[in-house]
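# Descriptive structure summary
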Amino acid sequence: MEVAPGAWRYAAPPFLLAGPLGLLSPLATLAALALGGAVLLFFRDPDRSPPSNGVLSPADGRVSVIREEGNRVRVGVFMNVTDVHVNRAPLSGRVESVEHEPGTHRPAFSKESDNNEKVHIGLSTCDLTLIAGAFARRIHPYVESGDELARGERLGHIAFGSRADVLLPASFDAADVEVRKGQRVRAGETVLARRDD
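Note that the coordinates shown come from a computational prediction; the quantities given were computed from them, not determined experimentally.

Criteria and thresholds
- Residues numbered from 1 in each chain as written.
- Predicted model: local features only at pLDDT ≥ 70, side-chain atom pairs only at ≥ 80, totals over all residues.
- Heavy atoms only, no water.
- Pairing = 2+ DSSP bridges.
- Helix = DSSP H or I, 4+ residues; strand = E, 2+ residues; numbered from the N terminus.
- Expected span 1.5 Å × (residues − 1).
- Buried < 20%, exposed > 50% of the residue type's maximum accessible area, 1.4 Å probe, protein only.
- Contact = heavy atoms within 4.5 Å.
- Axes fitted to C-alpha atoms, helices over the stretch in contact; angles between N-to-C directions.
- Salt bridge = Lys/Arg side-chain N within 4 Å of Asp/Glu carboxyl O.

Take the pairing of strand S2 (residues 61-69) next. Within a regular strand, side chains alternate between the sheet's two faces. Strand direction decides the pairing type here: S2 and strand S12 (residues 184-185), joined by 2 bridges, are antiparallel. Within S12, the position partnered with Arg-62 by the bridge is Arg-184. Linking S2 back to strand S3 (residues 72-79) in an antiparallel pair, the connection comprises 2 residues, with Gly-70 at a positive phi of about 65 degrees.

Right, here's the structure in full:
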């Protein structure tokens, strides 16, 4: 099983403690091993096969936001703790900016999460915002300005619960969105929006 970068930094402590804890209790050893395994499961990074066209979901989870902002449409995906947290490029394009915005750590499914800590990734084709949640304290972008990304390529991950939003290109409108609130989606595979032209 492939895991996201940095996974072993979180998984190693419980695995290393499992042996010494065995001197106290076999149950403590099992608990430490289970915790280490759960961390690796959380950081899993499966391969994905993008369909031939359309704006891809940047994250696994449930669609939590669909709203118009000026002349553009935002689609947000809430990632539960059991979802894959590796994020992917919705469209191919050049990375034009990667900007960190400090903020709060409210639950990522709530309206207050609009004020949470974020990383904005501006692509030449669309804009992506990775949003930290109540337990997510680390946003790890893999990209920097000037990088060329293929559609569906990995671009970062968020540790322990969060949200990823796509601000669709201005040429898309609400009628082009193919998902609905509450729908489960998969990063790099589910099409969020598509234009026929």
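Another aspect to go through is helix H1 (residues 7-21). Look at H1: 22 Å from first C-alpha to last across 15 residues, which is about the 21 Å you get at 1.5 Å a residue. Among all positions of H1, only Ala-7, Ala-11, Pro-14 and Ala-18 are buried. Those residues of H1 that are buried are in contact with helix H2 (26-42).

Strand order in the open sheet formed by 3 strands is S4-S10-S8, with antiparallel pairing between adjacent strands. In this open sheet, the two edge strands, each paired with only one partner strand, are strand S4 (86-88) and strand S8 (138-141). Ignoring which end each strand starts from, the neighbouring axes of this sheet average 20 degrees apart. Sheet analysis places S4 next to strand S10 (residues 154-159), joined by 3 bridges and oriented antiparallel. Note that in S10 the partner of Val-86 across the bridge is His-157.

Below, the discussion takes up the pattern of salt bridges. Counted under the stated rule, the structure contains 15 salt bridges. Where Asp-127 meets Arg-72, a salt bridge forms, and the shortest distance between an N and an O atom there is 3.0 Å. Pair noted here: Asp-127 is in strand S7 (residues 127-132) and Arg-72 is in strand S3, with a separation of 55 residues, a long-range link. For Asp-127, a relative accessible area of 28% corresponds to the partly exposed category. It is possible to trace a salt-bridge network through shared partners that takes in Arg-67, Glu-69, Arg-74, Arg-163 and Asp-165.

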